[in-house]
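One letter stands for each residue in the lines below.
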Amino acid sequence: QLQLVESGGGLVQTGGSLRLACVASGSNFNYYALGWFRQASGKEREGVSCITRSDDRTEYEDSVKGRFTISRDNAKKTVYLQMNSLKPDDTAVYYCAAAIRSLATRDSCPRTVEYNYWGQGTQVTVSS
């Protein structure tokens, strides 16, 4: 059982930066792989990034590679998404999600359907 709360969204201009945080409540945070998703108005939800349970591998959607960085702090039960060089196309509600991982899957990112805990989202708006 895990509860997730996102924060850090806001309004920025093109080229600006934001750092999103997702704080978890519950036990065994370090057993979860974590992901960030976003959903723009009128569009489907898409995966942005993930970080494995073991913290040895990360993945990024092509459009954010080189601009976004995912990280986790297990002591704080928090996953972050550092977003730099923001573009208007990054405007969306950003959600964090968690998926419990076994030792066998600790080094892999979950499939979307494997994420079983979701936050409520935080709005990111990038103006030109």
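Use the structure listed above.
What counts, and where the lines are drawn
Residues numbered from 1 in each chain as written. Predicted model: local features only at pLDDT ≥ 70, side-chain atom pairs only at ≥ 80, totals over all residues. Heavy atoms only, no water. Core = buried A, V, L, I, M, F, W, Y, C linked by side-chain atoms within 4.5 Å. Buried < 20%, exposed > 50% of the residue type's maximum accessible area, 1.4 Å probe, protein only. Helix = DSSP H or I, 4+ residues; strand = E, 2+ residues; numbered from the N terminus. Contact = heavy atoms within 4.5 Å. Disulfide = S-S within 2.5 Å. Salt bridge = Lys/Arg side-chain N within 4 Å of Asp/Glu carboxyl O.

Caption draft 1: Inspection of the nonpolar core at higher detail. If you look at the biggest cluster of nonpolar residues, it comprises 27 residues, and the most contacted ones within it are L4, W36, F68, V79, L81, M83 and Y94. At the level of elements, β1 (2-7), β3 (18-26), β4 (32-39), β5 (46-51), β7 (68-73), β8 (78-83), β9 (92-100) and β11 (122-127) are the ones that each hand at least two residues to this core. Apart from the residues lying within four places of it in its own chain, the contact partners of V79 are L20, A21, C22, F29, L34, W36, I51, I70, S71, R72 and C96. Counting residues in hydrophobic clusters, the runner-up holds six residues, among them F37, C50, A99 and C109.

Caption draft 2: Spotlight on the state of the cysteines. As enumerated under the stated definition, the model contains two disulfides in all. Of note for the protein chain: the bonded cysteines, numbered N- to C-terminal, pair according to 1-3, 2-4.

Caption draft 3: Spatial organisation of the pattern of salt bridges. A complete count under the given rule lists six salt bridges for this structure. Where R57 meets E59, a salt bridge forms, and the shortest distance between an N and an O atom there is 2.2 Å. Classification of R57 by relative accessible area gives partly exposed; the value is 32%. In this structure E59 comes out as partly exposed when scored by relative accessible area, which is 34%. Each of R38, E46, R67 and D90 takes part in one network of salt bridges that share partners.

Geometric values such as these leave the question of function open.
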